[in-house]
There are 2 protein chains.
Amino acid sequence: MFGCLVAGRLVQAAPQQVAEDKFVFDLPEYENINHVVVFMLGTIPFPDGMGGSVYFCYPDQSGMAVWQLLGFVTNEKPSAIFKISGLKSGKGSQHPFGAMNLPQTPTVAQIGISVELLENLAQQTPVANAAVSSVDSFTEFTQKMLDNFYNFASSFAVTQAQMTPNPSEAFIPANVVLKW
Amino acid sequence: MFGCLVAGRLVQAAPQQVAEDKFVFDLPEYENINHVVVFMLGTIPFPDGMGGSVYFCYPDQSGMAVWQLLGFVTNEKPSAIFKISGLKSGKGSQHPFGAMNLPQTPTVAQIGISVELLENLAQQTPVANAAVSSVDSFTEFTQKMLDNFYNFASSFAVTQAQMTPNPSEAFIPANVVLKW
């Protein structure tokens with residue numbers, strides 16, 4: 001039903017089925033992984049009203065599994081690219097793999113897919129910055145970053161009347177930042 | 001032998017074989033595509049000493065095919081993620097699909113894979129910024145963008161002595177931009 005591809009490596013199309021509605025791919029040498037693609041093989045769709053939440057699981061320093069929600073795949077959006085290289089030091093989130101007791105090996109992480117009701121998925125919030133593939137997420141991310149920057153920089157904006165005299169300090173007209 | 005996945009869509013595992021050593025995937029509605037994953041299915045490896053060059057082909061305004069080299073897949077690196085959304089206005093490059101005369105439809109682009117000697121691949125230079133899966137290209141890109149921005153904004157920097165009197169124009173101290 002699912003495939004998983006680590007950029008640069010061979011595709012995996014045979015997850016371990018750890019429960020009726022839960023599937024796990026091993027990611028060996030996960031410290032070297034930047035991007036992971038999770039996709040439906042196109043053979044079996046989700047049942048009506050169902051979709052899959054996609055988790056990244058890695059062992060923390062004490063060997064305990066830390067799970068992070070990356071995002072979703074559904075019949076309407078049957079594939080997604082996630083960037084996991086920034087997540088390795090992040091905090092864990094709620095996850096439905098609690099009872100699985102997956103064996104943890106220091107260098108092996110997992111991708112877990114949990115088949116759930118779409119309305120449950122809609123209430124879950126993936127970790128920030130994991131989604132690479134959603135429509136223009138890259139552009140949106142950089143746009144958001146720039147908006148944040150403009151708001152940040154503007155909070156320091158002064159007019160000439162408010163300036164304390166300091167002939168050497170350089171100033172940038174605010175409209176230059178805005179236009180960019 | 002090859003699979004192709006547009007982020008968000010169903011995987012394609014059946015390219016059109018347009019020559020003994022050339023394979024083509026159609027990408028409908030390519031204007032909406034950001035990322036494409038190209039991978040070997042794992043069934044048949046490249047012959048010894050061979051690999052695949054991966055091209056993106058799209059119709060220019062007059063309907064002519066423009067080909068751009070995205071990168072490579074090999075037995076050692078059997079998958080790659082490419083960002084094509086920034087390439088649509090780029091120039092074409094040399095390519096080995098010249099004689100194929102692929103039909104061009106305004107909204108359909110192609111991924112072409114050409115099986116070639118590894119030593120030939122080593123002499124080809126992919127277009128800039130297409131490879132997503134190399135180490136931290138995302139971070140590097142945003143860092144580069146911010147560097148560009150600082151250089152851009154700094155070119156407008158003035159000191160108070162240079163300012164033309166205009167009490168209403170807002171200014172941002174340059175060190176705020178740099179610190180951010």
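An account of the accompanying structure is given in this report. Worth saying up front: this structure is predicted, and the values here are computed from it rather than measured. (Residues numbered from 1 in each chain as written. Chains lettered and ligands numbered in written order. Predicted model: local features only at pLDDT ≥ 70, side-chain atom pairs only at ≥ 80, totals over all residues. Heavy atoms only, no water.)

Below, the discussion takes up the overall build of chain A. Counting its regular elements, chain A contains three helices and ten strands. Secondary structure elements in chain A, listed N-terminal to C-terminal, are β-β-β-β-β-β-β-β-α-α-β-β-α. Evaluated residue by residue, chain A yields a buried proportion of 44% over its 180 residues. Long-range pairs, those at least 24 residues apart, make up 71% of the contacts in chain A with a sequence separation of at least 6. Counting every atom, chain A has about 8900 Å² of accessible surface; 54% of that belongs to carbon and sulfur. (Helix = DSSP H or I, 4+ residues; strand = E, 2+ residues; numbered from the N terminus. Buried < 20%, exposed > 50% of the residue type's maximum accessible area, 1.4 Å probe, protein only. Contact = heavy atoms within 4.5 Å. Areas by Shrake-Rupley, 256 points an atom, 1.4 Å probe, with all protein chains shown as cover.)

To continue, consider the packing of aromatic side chains. Per the counting criterion, the structure on display carries 17 aromatic pairs over all chains. When the ring of tryptophan 67 of chain B is compared with that of phenylalanine 97 of chain B, the centres are 4.3 Å apart and the planes differ by 5°; the resulting orientation is stacked. Highlighted residues: tryptophan 67 of chain B in strand S6 (residues 65-73) and phenylalanine 97 of chain B in the loop between strand S7 (79-83) and strand S8 (109-117), separated in sequence by 30 residues. For the residue pair tryptophan 67 of chain B and phenylalanine 97 of chain B, the accessibility class agrees, reading buried in each case. Through a chain of ring-to-ring contacts, the aromatic side chains of Phe2, Phe23 and Phe46 of chain A assemble into a single cluster. (Phe/Tyr/Trp six-rings, centres within 6.5 Å; stacked < 30°, edge-to-face > 60°.)

Attention now goes to the environment of leucine 117 of chain B. Residue and element names in this part refer to chain B. Within the secondary structure, leucine 117 sits in strand S8. Its relative accessible area of 37% is what places leucine 117 among the partly exposed residues. It is 26 Å that separates the C-alpha atoms of leucine 117 and histidine 35, two residues lying 82 residues apart in sequence. If sequence neighbours within four positions are ignored, leucine 117 has contacts with Gly49 and Met50.

Here we come to the side chain of threonine 74 of chain A. All names here are of chain A. Following the sequence through the fold, threonine 74 ends up in the loop between strand S6 (65-73) and strand S7 (79-83). Residue threonine 74 is classed as buried on the basis of its relative accessible area of 14%. If sequence neighbours within four positions are ignored, threonine 74 has contacts with Met40, Phe46, Gly51 and Leu118.

All names here are of chain A. Sheet architecture is open: three strands sit in the order S1-S4-S7, paired in antiparallel fashion. Each having just a single partner strand, strand S1 (2-6) and S7 make up the two edges of the open sheet. Shown here is a sheet whose adjacent strand axes are inclined to one another by a mean of 15°, direction ignored. (Pairing = 2+ DSSP bridges. Axes fitted to C-alpha atoms, helices over the stretch in contact; angles between N-to-C directions.)

All right, on to the state of the cysteines then. Such a bond, covalent and formed between the sulfur atoms of two cysteines, is termed a disulfide. With the rule as written, the count across this model stands at zero disulfides over all chains. Cysteine 57 of chain A takes part in no disulfide bond, and the closest cysteine sulfur to it belongs to cysteine 4 of chain A, at a distance of 13 Å. (Disulfide = S-S within 2.5 Å.)

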